[in-house]
Structure formats: structure tokens, C-alpha cells
Amino acid sequence: MTISFITHPDCGLHEMGPHHPESPARLRAIQDRLLSSGLDMALRYYDAPLASRDQLCRVHDPEYVEQIFREVPEGERVWLDPDTCMNSHSLSAALRAAGAVVLGVDQVLSGQSRTAFCCVRPPGHHAERNRAMGFCIFNNIAVGAAHALHAHALQRVAIVDFDVHHGNGTEDIFRDVQEILFCSTFQHPFYPHTGANVVSEHIVNVPLPAGTDGRVFRAAVESHWLPRLEGFRPELILVSAGFDAHAEDDMSGLYLVEQDFAWVTRQIQAIADKYAQGRIVSTLEGGYALSALGRSVAAHLDALLG
Ligand SMILES: [Zn+2]
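None of the values given here were measured: they were computed from a predicted structure. (Residues numbered from 1 in each chain as written. Predicted model: local features only at pLDDT ≥ 70, side-chain atom pairs only at ≥ 80, totals over all residues. Heavy atoms only, no water.)

**With respect to the sheet that holds strand β2 (residues 43–47)**
Line of reasoning, step 1. A sheet is described by the order of its strands in space; here eight strands give the open sequence β2-β1-β5-β10-β9-β6-β7-β8, paired in parallel fashion. This sheet does not close on itself; its edge strands, each paired only once, are β2 and β8 (203–208). Across the sheet, the mean angle separating the axes of adjacent strands is 15 degrees when strand polarity is ignored.
Line of reasoning, step 2. Across four bridges, strand β5 (residues 115–118) lies against strand β10 (residues 280–284) in parallel orientation. Bridge pairing in β10 links F117 to S282.
Line of reasoning, step 3. The sheet contacts of helix α5 (residues 140–150) involve β6 (157–161), β7 (180–187), β9 (236–241) and β10, and relative to β9 the element is tilted by about 175 degrees. (Pairing = 2+ DSSP bridges. Helix = DSSP H or I, 4+ residues; strand = E, 2+ residues; numbered from the N terminus. Axes fitted to C-alpha atoms, helices over the stretch in contact; angles between N-to-C directions. Contact = heavy atoms within 4.5 Å.)

**Points about the packing of helix α4 (residues 90–110) against α5**
Line of reasoning, step 1. In the contact formed by α4 and α5, the axes pass within 8 Å of each other and the chain directions differ by 35 degrees. Every pair of crossing elements has a handedness; the one defined by α4 and α5 is right-handed. On α5, the residues that touch A94, A97, A98, V101, V102, V105, D106 and L109 of α4 are N140, I141, V143, G144, H147 and A148.
Line of reasoning, step 2. Per-class residue counts for the contact of α4 with α5 are 10 nonpolar, three polar and one charged. (Left-handed = near helix turned anticlockwise from the far one by under 90°. Nonpolar A, V, L, I, M, F, W, Y, C, P; charged D, E, K, R; others polar.)

**Side note on the coordination of the zinc ion**
Line of reasoning, step 1. Each protein donor to the zinc ion is listed here as D163 (OD), D163 (OD), H165 (ND1) and D244 (OD); together their distances run 2.0 to 2.8 Å.
Line of reasoning, step 2. Taken together, the four donor atoms coordinating the zinc ion and their angles of 52 to 153 degrees define a geometry best described as irregular.
Line of reasoning, step 3. For the zinc ion, the single-chain donor residues occur in sequence as D-x1-H-x78-D. Taken together, the residues span a long stretch of sequence, with H165 in the loop between β6 and α6 (168–174) and D244 in the loop between β9 and α8 (258–275) at a distance of 79 residues.
Line of reasoning, step 4. The class of D244 is buried, set by a relative accessible area of 0%. (Donors = N, O, S within 2.8 Å, 3.2 Å for Na, K, Ca; no water. Tetrahedral: all angles 85-135°; square planar, octahedral: opposite > 155°, others 65-115°. Buried < 20%, exposed > 50% of the residue type's maximum accessible area, 1.4 Å probe, protein only.)

Set out below in C-alpha cells:
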């Protein structure tokens, strides 16, 4: 069994300043770990295509998409929000990041692959319908989910998000979309200070207090996510795979370790095997402690390989 590993060199050229934690070094740390662990032998590498304007406009306002195309700077960076900026390569990176999830969805739904991992940046789950936010420009996983609904006529797509931050953008885009079940665990209270209140029957928000460890995280997933995923019977599962809840990641105050990411991956896979012919497309969100990020992605992919 192999995993489609979708990435692109442009994702390493988007750069937000020498001290910005969301840096090109993240992708290098992942690649280095996959090589040193031998896991790269089980991966099939694909270049991420550019997402089209039509694909983006299924989840973003056309005016917002046009704004991002206009903002590309010739020289210096342009700031989109206090945490997020663009250099001359950022538009291409953002289009590839969203396009990666579209390609992953096409591959698993055509049977070309059972699982795909999109090793891309910028991340996406904070990007709302009409604004960039929290290192995110386009909402990559939302673009992929909308593609599954509209281009492949799926009726039930689950998005699970274990990044330490709430996926406010994904919630913003899909809160009224019955075909999407969004399950999220996140530290709370914490950036972006959303998600504490359930806003829809199709949004399963599980706030976790600072200090939460793997035991509490696993219990929360078992009692809140899994019954809802079972009831929903997804035809496809998309994963917002953020690894910033790792104990070594000082971006957050949760204490997960790579075995917890492997465990949650196996739970997701069991649901996918039962209802979705094993079809999973996972995409990188956060994760800023480089060694922990590399080890966590390796554990995630190792679990997906079964
Ligand atoms: Zn995060």
C-alpha cells in the first residue's frame, strides 16, 4: 500500500520573514524525517496543481479571491492580517496548497489511491470566506471538500481537525452546509477565540483546556467525534492535520505526543474503512517545533499505511 504525497517546490518559496514560525523549514523538516525513517519509500510523489478560480470561488467570495491575486507584491511583503503576509511567491504557493487537496480528492475518489497527504503551506483552516487569517490565505481543505461535493457529487464529507487552534475558517464556510460534518478539537480559550459554542448540528467543536494530555484528548475524541462520525457515515474523510498540539510545540499548551497523532489517525481510518472505502485526504495545517513536526507527520503517515 502506498500514500499519495502531494507537494510542490513553490510551497517552500512562500516566506513571511526570518522569525516567522510558519516557515519553509517546516516542509524541509518533514521531508528529512520521511527520508531518514525510510517512510518515503512508501510514498508516491505528485506535484500539486494550481487551484482554479472556480474551485476557490466555491468557498471564497470572488472579490476576496481577486484581492489576493491583486496583492502579489513585486518586491517587499504585503501584510494581509497581523500574522499573515505574502511575498512574490505566496500566491503560487497558496494556489498549489489548495490545488493539492483538489488533486488528493480526485485521486482517492477515482480509486487511483486510497489515501493522500498534502504536504503544503500556507496552511488553510483559519482562512474564512472573505479574509486571510492566522498564516492562512485560502482554505485548502474547504476547497477540497467543496470539490468533492460539486465535482464528484458526494453527499456526506467529514472534515476532522486536530490542529491545536480552532478551524474557524472551515466552520465559517460550512456552518450551513448539511453535506459537511466538521469535527474539531482545539485548545480553549486560545487563538482564534472561536468554537466554544456549537453553531450548527454539523459542527462538533470540542474545546480542550491548556494542559490537556493524550489521555484526555483520546477520551474527548472517543466520546464526541467518533459517535458523530459513525452516525454521519461519511463517503470521504478530509483531515486538517495540524501538529501544534505536540508537547514540544511552544505555540500551544497541550501535551500530545506523536503516538497520540498515530492513535487519532487510526480512529479516523477505522471510520473511513467502514463507510468511505478507506478514502482519506489529509492536509498539513500547523506544527512549528521542527523535530516534533517531522516525527508527528511520520507517525501520521505510518498509521495511514496501516
Ligand atoms: Zn494551529
